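Close look at the chain arrangement
Okay, here's what each chain looks like letter by letter:
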Amino acid sequence: MSGLTKKIIAIAGASAFVSGAAMAADLTVVSWGGAYTKSQVEAYHKPWMAKTGKAIVSEDYGGGIAEIKAQVESGNVTWDVVDVELSDAIRACDEGLLEPIDHSILPPAPDGTPATEDFLPGTLHDCAVANIVWSSVYAYDSSKTRNWNTPTTMADFFNTKAFPGKRGMRKSPKVTMEFALIADGVPVSEVYDVLGTEEGVARAFAKLDTIKDDVVWWEAGAQPPQLLADGEVVFSTAWNGRVFNAKNAEGQSFEMVWDGQIYDLDLWVIPKGSKNKEAALDFVAFSTATEQLAAQASWISYGPARASSEARIGTFHSDDSIKMADHMPTAAANFKNALQNDFEFWADNADQLNERFNAWLSK
């Protein structure tokens, strides 16, 4: 676990977090913690609990499918709904670890458009329903830079001469290797063609070699903002919503570099053998309704997976002067040199590249 297990209990119309196991859960929902889980609690969990009268236990994890696989194969499934990245959803479904989800249970858009036509292309799958579009970017503390020496490109992240200091990077080959190739001059349209070759893999590792001694590796989404705030790194890769939250909810002087951003989806899945399958399906349908996805976007700058939610994106929940649409990964100003994560590539190559990445780290 990357965070504490938390319980959300509906009591007389109110909701509260309670640690421990004082009350049995009607549903266990697993996500990534921090500001992201907070956005889900406010937009999904609390309204669903108020509607159904059921209790949700919210648990944090660090991603991947290892824990889902262990539960399913042992026959002891304790998770009901899990927020996963797209490549993991595809892989887990292919391995028979997930329950199928009938898209007919998903509510239509407010104007009656069927959900299957309202969800963005590529966001509905046999075993998964998307909720957000998010991006990996890198960030820096603007209070510690000078106007004439602020980073603007992915190449700057790897330039330790012009920008000396430690870098924070996610301890995973996914995104890390793509960033390395973009910094090395590979156009975003060609990144996966290059990474699909032995020469391309070697090129990515060679570029990472140039900053390896300066990297602080992170594993949980809350870490990059903390690394920046503590001055442990000058730059850090991060999830865009975490940086937005640190700046706008916590008052940090952070800025994002959108050049070379890698955007992806997060989706709800239901582990095979969930003991609360019907409640899980109801939660997935409820939380991916137009209104709920738009509501989440008022808490964190991740784009909703439904077209009908876009027009309903308003302002930041605690500051009406911040228009959330401007801070989404897909906003025109942010999307000029973006790369979509190739979920098929990572579904097919994750094991091999994880092994090589870990071997490279240990050298």
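Up top you'll find the structure we're talking about.
Residues numbered from 1 in each chain as written. Predicted model: local features only at pLDDT ≥ 70, side-chain atom pairs only at ≥ 80, totals over all residues. Heavy atoms only, no water.

All right, on to the overall build of the protein chain then. A count of helices and strands for the protein chain gives 14 helices and 15 strands. For 363 residues, the compact-globule estimate of 2.2 N^0.38 gives 21 Å, and the C-alpha radius of gyration of the protein chain, at 20 Å, lies within 12% of that figure. Expressed as lengths along the three principal axes of its C-alpha atoms, the size of the protein chain is roughly 60 × 45 × 40 Å. Sequence-distant contacts in the protein chain: of pairs separated by 6 or more residues, those separated by 24 or more amount to 74%. Summing over all exposed atoms, the protein chain offers an accessible surface of approximately 15200 Å²; the carbon and sulfur share of this is 49%. A gap of 5 Å separates the mean positions of the 30 positive and 49 negative side-chain charges of the protein chain. (Helix = DSSP H or I, 4+ residues; strand = E, 2+ residues; numbered from the N terminus. Rg over C-alpha atoms; globule rule 2.2 N^0.38 Å. Contact = heavy atoms within 4.5 Å. Areas by Shrake-Rupley, 256 points an atom, 1.4 Å probe, with all protein chains shown as cover. Lys, Arg positive; Asp, Glu negative; His and termini not counted. Charge placed at Lys NZ, Arg CZ, Asp CG, Glu CD.)

The tally for this structure, following the rule as stated, stands at 15 salt bridges. Between Glu95 and Lys69 there is a salt bridge, with its nearest N and O atoms 3.7 Å apart. With Glu95 in the loop between helix 3 (86-94) and helix 4 (115-118) and Lys69 in helix 2 (residues 66-74), the pair connects residues that are 26 residues apart, well separated along the chain. Note on Lys69: relative accessible area 30%, which makes it partly exposed. We note a salt bridge from Glu198 to Arg356, for which the minimum N-O separation is 3.0 Å. Of the two residues, Glu198 is situated in helix 8 (residues 198-209) and Arg356 in helix 14 (residues 343-362); the sequence distance between them amounts to 158 residues. A relative accessible area of 27% places Arg356 in the partly exposed class. (Salt bridge = Lys/Arg side-chain N within 4 Å of Asp/Glu carboxyl O. Buried < 20%, exposed > 50% of the residue type's maximum accessible area, 1.4 Å probe, protein only.)

Residues Leu27, Trp48, Ile68, Val82, Val269 and Phe283 are the most contacted members of the largest nonpolar core, which totals 66 residues. Excluding residues within four positions of it along the chain, Leu27 makes contact with Trp48, Ala55, Ile56, Val57, Asp80, Asn276, Ala279, Ala280 and Phe283. With 37 residues, the next largest nonpolar core counts Val175, Val186, Ile211 and Phe345 among its residues. (Core = buried A, V, L, I, M, F, W, Y, C linked by side-chain atoms within 4.5 Å.)

Here the focus is the state of the cysteines. Counted by the stated rule, this structure contains 1 disulfide. Residue pairing for Cys93: its cysteine sulfur links by disulfide to Cys127, the two sulfurs lying 2.0 Å apart. Taking the torsion about the S-S bond as the criterion, the Cys93 to Cys127 disulfide, at about 50 degrees, is right-handed. Of this pair, Cys93 sits in helix 3 while Cys127 sits in the loop between strand 6 (124-125) and strand 7 (128-141), placing them 34 residues apart in sequence. On the basis of relative accessibility, which here comes to 21%, the residue Cys93 falls in the partly exposed class. (Disulfide = S-S within 2.5 Å.)

The next subject is the packing of helix 8 against helix 14. Between helix 8 and helix 14, whose axes approach to 12 Å, the crossing angle comes to 35 degrees. Seen from above, helix 8 lies across helix 14 with right-handed handedness. Contacts between helix 8 and helix 14 pair Glu198, Val201, Phe205, Leu208 and Asp209 from the former with Leu353, Arg356, Phe357 and Trp360 from the latter. When its residues are assigned to classes, the contact of helix 8 with helix 14 shows 6 nonpolar, no polar and 3 charged. (Axes fitted to C-alpha atoms, helices over the stretch in contact; angles between N-to-C directions. Left-handed = near helix turned anticlockwise from the far one by under 90°. Nonpolar A, V, L, I, M, F, W, Y, C, P; charged D, E, K, R; others polar.)

What follows covers the environment of Trp239. Mapped onto the elements of the fold, Trp239 is located in strand 10 (residues 235-239). Discounting chain neighbours no more than four positions away, the residues touching Trp239 are Trp32, Trp134, Ser135, Ser136, Arg170, Trp218, Gly221 and Tyr302.

A few words now on helix 11 (residues 277-287). Where burial is concerned, most of helix 11 is hidden: 8 out of the 11 residues are buried. Along helix 11, the residues that are buried comprise Ala279, Ala280, Leu281, Phe283, Val284, Ala285, Phe286 and Ser287.

Further remarks concern a negative patch on the surface. A surface patch of like charges, here negative, comprises Asp94, Asp126, Glu344 and Asp348. With respect to the helices, strands and loops of the structure, Glu344 is situated in helix 14. Glu344 sits in the exposed class, given a relative accessible area of 52%. (Patch = residues over 30% accessible without salt bridge, like charges linked within 9 Å, V, L, I, M, F, W, Y side chains within 5 Å.)

Of all the 5 residues making up strand 3 (residues 27-31), 5 are buried; the element is thus mostly covered by neighbouring parts of the structure. Of the two faces of strand 3, the one carrying Leu27, Val29 and Ser31 and the one carrying Thr28 and Val30 are both buried. Pairing of strand 3 with strand 4 (residues 56-60) involves 5 bridges; the strand directions are parallel. Note that in strand 4 the partner of Val30 across the bridge is Glu59. In terms of handedness, the path from strand 3 via helix 1 (residues 34-52) over to strand 4 forms a crossover that is right-handed. Strand direction decides the pairing type here: strand 3 and strand 5 (residues 81-85), joined by 2 bridges, are parallel. From the neighbouring strand, Val29 faces strand 5, where its bridge partner is Val81. (Pairing = 2+ DSSP bridges. Right-handed = clockwise from strand over helix to strand, strands pointing away.)

A word on the side chain of Asp266. As for its position among the elements, Asp266 is in strand 11 (residues 254-269). We note that Asp266 is buried and unpaired, the nearest opposite charge coming from Arg170 at a distance of 8.0 Å. With near-sequence residues (within four places) excluded, Asp266 lies in contact with Trp32, Tyr36, Asp83, Val84, Glu85, Ala130, Asn131, Ile132 and Trp134.

At their nearest, the axes of helix 6 (residues 176-183) and helix 8 sit 8 Å apart, and the two run at 85 degrees to each other. On the basis of their axis angle, the class for helix 6 and helix 8 is roughly perpendicular. Each of Thr176, Met177, Ala180, Leu181 and Ala183 in helix 6 lies in contact with helix 8, whose residues at this interface are Gly200, Val201, Arg203, Ala204, Phe205, Lys207 and Leu208. The class makeup of the residues in the contact of helix 6 with helix 8 is 8 nonpolar, 2 polar and 2 charged. (Parallel < 35°, antiparallel > 145°, perpendicular 65-115°, else oblique.)

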